[in-house]
Amino acid sequence: MSLSPAAERVCVAALELLSDRGYDGSSLGEIARMAGMRKASLYSHFTGKDELVSAALDMSLSAEREFVVLCFAEDRGALPGGVYLERVTDRYRMAASLRFLLRTAYAPPLAIRESIIRHYRAFLAEVDSLFRAGLPEHLGDAERDHLAQAYLGVVDSIQVELLYGEAESVEQRRAALWRMLTGAAAATSP
C-alpha cells in the first residue's frame, strides 16, 4: 500500500496513540491533531478508524518484518532466532510499531479481527520460515517442525510478557525458554 506523505503522518500518529491507548481508547480527532491536521482532513485519506488501523497495521508489519530479518541475518549461534529474542524487549520499549502490532494482534477490534489475525499469522509464518532456514541441514523434517513450533512458542510467550509483564520478567522468561530450546536442539545433534 502506497501512502501519501500526509496519510503516512496519520498512520504514524495512529501507531503512537493506538500503541498506548488501544483501539477503544483512541479517537480519530486525537490522531488527526497528532498528525497536524483537522479530523475532517483525515477523512480525505481514510474512510474511518478501521481503515486507518488496517493501514497502520501494514506499516507496523513492514517495520517489524524488516527488524526480524535484520536480527536473523545477524545470528551466528547454533540455533537461529537468538538475536531477535535478545533485542525484542528493547524494540518493544522503543518502537511504537511493535507495541501497536502486539496490542492489535492480541486484542483486535472486532470489525477487522479476521483481517488482523490473518496478517499477524502471515508475519509469524515469516518468522517461522526464517527460523527454519537457519536450522542445521542434518535435521529431519520432524525435528525441524518440533524446533520451529517450540521457537514460535517462545516468541509468543515473550510477546505476551511484553504486553503484560515487566522487563525483568521478560528477560527471565526469555533466558529460561531459550536455554530449554537450545538444549532440545543440542539433543538432536549427531
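Please read these numbers as outputs of a predicted model, since none were measured by experiment.

What follows covers the packing of aromatic side chains. By the definition in use, this model includes six aromatic pairs. Grouped by ring-pair contacts, the aromatic residues Phe72, Phe131, Tyr151 and Trp178 constitute a single cluster.

This paragraph deals with the packing of helix α8 (residues 141-164) against helix α9 (residues 167-187). α9 packs onto α8 with a crossing angle of 175° between their chain directions and a minimal axis gap of 9 Å. By the angle class used here, α8 and α9 are roughly antiparallel. Of the residues in α9, those touching α8 at Leu147, Ala150, Tyr151, Val154, Ser157, Ile158, Glu161 and Leu162 are Ser169, Val170, Arg173, Arg174, Leu177, Trp178, Leu181, Ala184 and Ala185. In the contact of α8 with α9, the residues fall into 12 nonpolar, two polar and three charged.

What follows covers α9. Under the 1.5 Å per step criterion, the end-to-end length of α9 is 30 Å for 21 residues, consistent within 8% with the ideal 30 Å. For α9, the full list of buried residues reads Val170, Arg174, Trp178, Leu181 and Ala185. With its buried residues spanning 70° around the axis, α9 presents them on a single face. For α9, the exposed residues set more than 90 degrees away from the buried face come down to Glu168, Arg179, Met180, Ala186 and Ala187.

Another point: the nonpolar core. Counting residues in hydrophobic clusters, the biggest one holds 59 residues, and the most contacted among them are Ile31, Leu42, Leu52, Tyr84 and Tyr151. The element contributing the most residues to this core is helix α4 (residues 49-74), with 11 residues. Excluding residues that lie within four positions of it along the chain, Tyr84 makes contacts with Phe67, Val68, Cys71, Phe72, Tyr151, Val155 and Gln159.

Each value, and the rule that gives it
- Residues numbered from 1 in each chain as written.
- Predicted model: local features only at pLDDT ≥ 70, side-chain atom pairs only at ≥ 80, totals over all residues.
- Heavy atoms only, no water.
- Phe/Tyr/Trp six-rings, centres within 6.5 Å; stacked < 30°, edge-to-face > 60°.
- Axes fitted to C-alpha atoms, helices over the stretch in contact; angles between N-to-C directions.
- Helix = DSSP H or I, 4+ residues; strand = E, 2+ residues; numbered from the N terminus.
- Parallel < 35°, antiparallel > 145°, perpendicular 65-115°, else oblique.
- Contact = heavy atoms within 4.5 Å.
- Nonpolar A, V, L, I, M, F, W, Y, C, P; charged D, E, K, R; others polar.
- Expected span 1.5 Å × (residues − 1).
- Buried < 20%, exposed > 50% of the residue type's maximum accessible area, 1.4 Å probe, protein only.
- Arc of directions from axis to C-beta.
- Core = buried A, V, L, I, M, F, W, Y, C linked by side-chain atoms within 4.5 Å.

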